[in-house]
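# Remarks on the overall topology
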Amino acid sequence: MTATCEVCGNDYDKPIQVSLGGRTMTFDSFECAIHAMAPNCAHCGCKVVGHGVEAGGAIYCCAHCADHERGLKDRA
């Protein structure tokens, strides 16, 4: 049995499903899952794949971007 990736349309025999907030989507790769479901950094717009930084209801890819938007400093 194959499934169609919801991003690229590829029919794949080893699909993955990712659920977030009650929504489940089917993909042929983590790359497509990231493209569809990962949030964008509120400062630079890149996909936040790791833990990121959350401040004031916004998500940032790193402390540097959070600092630019909110003056948030990293503890390091």
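The structure under discussion appears in the preceding block.
Everything numeric in this text was worked out from a predicted model, so none of it was measured.

## Topic: the overall build of the protein
The secondary structure content of the protein amounts to 2 helices and 6 strands. Its helices and strands taken in sequence order, the protein reads β-β-β-β-α-β-β-α from the N to the C terminus. Relative to the globule expectation of 11 Å for 76 residues, the C-alpha radius of gyration of the protein, 16 Å, shows a markedly less compact shape. The dimensions of the protein, computed from C-alpha atoms along their principal axes, are 50 × 20 × 20 Å. Taken over 76 residues, the protein has a buried fraction of 24%. For the protein, the share of sequence-separated contacts (at least 6 apart) that also reach a separation of at least 24 residues comes to 9%. Here the protein contributes 6 positive and 9 negative side-chain charges, whose respective centroids are spaced 8 Å apart.

## Overview of the nonpolar core
If you look at the biggest cluster of nonpolar residues, it comprises 7 residues: C41, V48, A55, A58, Y60, C65 and A66. The set of elements that each furnish at least two residues to this core consists of β6 (58-60) and α2 (63-70). For A66, the residues in contact, after removing those within four places along its chain, are V53, Y60, G71 and L72. Residues M25, F27, C32 and M37 belong to the second largest nonpolar core, which totals 6 residues.

What counts and what doesn't
Residues numbered from 1 in each chain as written. Predicted model: local features only at pLDDT ≥ 70, side-chain atom pairs only at ≥ 80, totals over all residues. Heavy atoms only, no water. Helix = DSSP H or I, 4+ residues; strand = E, 2+ residues; numbered from the N terminus. Rg over C-alpha atoms; globule rule 2.2 N^0.38 Å. Buried < 20%, exposed > 50% of the residue type's maximum accessible area, 1.4 Å probe, protein only. Contact = heavy atoms within 4.5 Å. Lys, Arg positive; Asp, Glu negative; His and termini not counted. Charge placed at Lys NZ, Arg CZ, Asp CG, Glu CD. Core = buried A, V, L, I, M, F, W, Y, C linked by side-chain atoms within 4.5 Å.

These values are about where atoms sit, not about what they do.
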